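Descriptive analysis of the structure
Spelled out from the first residue to the last, the chains are:
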Amino acid sequence: MITSTMIEMALSHVNDPDLGRSLIELGMIENIAIDGKKVSFDLVLTTPACPMKKRMSDDCVNAIHEYVDREAEVTVNLTSRQVEQPDPHSLMPGVKKVIVVASGKGGVGKSTVAVNLAVSLAKTGASVGLMDADIYGPSIPIMFNLGQEDVIGENHDGKTYMLPIERYGIKLMSIGFLVDPDKALAWRGPMASGALKQLATETWWGDIDYLVVDMPPGTGDVQLTLAQTLPVTGAIIVSTPQQVALADVVRGVELFRNPALNIPVLGFVENMAYFTPAELPDNKYYIFGKEGCKKLAAEMNMPLLGEIPLVQCIAESGDSGKPVSLWSDTETPESKAFMELAENTIRELCKIEK
């Protein structure tokens, strides 16, 4: 006869792959039901987009077969923890996690990473928003084939909010929707900070799992103000392999570790990690140096979330307004790299919540 105690004992041998602790210890097993040899229970995930959910589910079935009964019919119901409804008067009601994508300097492909991260997160089944906070050089409209848009207002709790523009299943908001793209934004620091705070606090995102924020490059007052304004869950820092870029990565980490912020750094992304010609997809040429960001990540005991290759189609896809991560029917190195980035990001977010 199978009992709940036997099931719990068996599942105590199954660990969360990232945390190294058993699912029973973490409280991830609920509602065990037994009917003869039929066993069912809920495996409660931190997020419905958890990249390790199939592995954990399979491990649970295997553990019951090994420690309880090989003939048991096991049903694992994958659920996610009900998140407490946010205060409707809070800064971003309905937004569950805010991920800022930052860089210590410009020109490292931060916006490209932010865009393709957002698209890849959406491909996991999550609802995603993308905010273009790069106020001096907003590139999100171009990368989604948009320009100045008619942004509609909507009233919530007596306040009028801007509604984001939807494209490719992503909710988008950018200062580029609101200003003439042919005119430079000659704003001083306080003006830029004020505009960003308004963009952040007066956009109605609705219920979304992830809001990816494309930060302005650098580590100055504008970045500090924005990070203090947003309810940031974690930060990702983008760099290229050269030493001159890596020096700015350290400053980026210091910005988020500032006691005034105390924001977890989820990890690094090495962009333009290597060049791969389209006709030789298995070849790697380390034009800007080899594994510089990877080595720095190891030295700082930080995760390397992804290595993005330098390939022509990534630049072309941004210019055409169709991010390369949209090409879900292909198994290209660049598409795989961005999906790996999304999965690793979700994994690090799960660790924070645990």
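Above: the structure in question.
So, here's what we can say about the structure.

Conventions used here
Residues numbered from 1 in each chain as written. Predicted model: local features only at pLDDT ≥ 70, side-chain atom pairs only at ≥ 80, totals over all residues. Heavy atoms only, no water. Helix = DSSP H or I, 4+ residues; strand = E, 2+ residues; numbered from the N terminus. Expected span 1.5 Å × (residues − 1). Buried < 20%, exposed > 50% of the residue type's maximum accessible area, 1.4 Å probe, protein only. Arc of directions from axis to C-beta. Contact = heavy atoms within 4.5 Å. 1 Å grid on protein atoms, 1.4 Å probe; cavity = no way out; pocket = protein on both sides within 12 Å on 5 of 7 lines; lining within 4 Å. Points joined across faces, edges and corners; volume = space filled by probe spheres on them. Nonpolar A, V, L, I, M, F, W, Y, C, P; charged D, E, K, R; others polar. Pairing = 2+ DSSP bridges. Salt bridge = Lys/Arg side-chain N within 4 Å of Asp/Glu carboxyl O. Axes fitted to C-alpha atoms, helices over the stretch in contact; angles between N-to-C directions.

As a further point, take helix H2 (residues 53–67). Compared with an ideal rise of 1.5 Å per residue, which puts 15 residues at 21 Å, H2 spans 21 Å between its outermost C-alpha atoms and is within 8% of the ideal. Of the positions making up H2, those classed as buried are Met-56, Ser-57, Cys-60, Ala-63 and Ile-64. The arc enclosing the buried residues of H2, seen along the axis, measures out at 125°, which places them on a common side. In H2, the exposed positions that point more than 90 degrees away from the buried face belong to Lys-54 and Glu-66. Buried residues along H2 sit in contact with helix H1 (4–11), strand E2 (38–45) and strand E3 (73–80).

Moving on, we come to empty space enclosed by the protein. Applying the stated criterion across every chain, the model contains four cavities of 30 Å³ or more. Considering the residues around the second largest cavity, the lining is formed by 11 residues, among which Ala-102, Ser-103, Gly-218, Gly-252 and Phe-256 are closest to the centre. Of all the elements, helix H7 (residues 243–257) adds the most residues to the lining of the second largest cavity, at three residues. For the lining of the second largest cavity, a count of residues per class yields five nonpolar, six polar and no charged.

This part takes up the pairing of strand E1 (residues 29–35). Examined bridge by bridge, E1 and E2 share five bridges and lie antiparallel to one another. Looking across to E2, one finds that Glu-30 is bridged to Asp-42. Counted between consecutive antiparallel strands, the loop separating E1 from E2 contains two residues, among which Gly-36 sits at a positive phi close to 65°.

Right, let's talk about the pattern of salt bridges for a bit. For the coordinates displayed, the defined rule picks out six salt bridges. Lys-54 is paired through a salt bridge with Asp-58; the nearest N and O atoms lie 2.8 Å apart. Linking Lys-54 with Asp-58, this pair stays in helix H2, spanning four residues, or about one helical turn. Judged by relative accessible area, which is 58%, Lys-54 ranks as exposed. Between Asp-209 and Lys-96 there is a salt bridge, with the nearest N and O atoms lying 3.3 Å from each other.

Before going further, it helps to spend a moment on the environment of Thr-112. Along the chain, Thr-112 turns up in helix H3 (residues 110–123). Other than its neighbours up to four places away in sequence, Thr-112 contacts Met-143, Ile-314 and Phe-338.

Right, let's get into the sheet that holds E3. With mixed pairing, the three strands of this open sheet are ordered in space as E1-E2-E3. Each edge of the sheet is formed by a strand with only one pairing partner; in this case those strands are E1 and E3. Between one strand and the next, the sheet's axes are offset by a mean angle of 15°, whatever the strand orientation. Of the pairings in the sheet, the one linking E2 to E3 comprises eight bridges and is parallel in character. Bridge assignment links Phe-41 to a residue of E3, and that residue is Val-76. On the sheet, H1 packs against E1 and E2 and is oriented at approximately 130° with respect to E1. Against the sheet, H2 makes contact with E2 and E3, and its axis sits at roughly 150° relative to E3, the strand it touches most.

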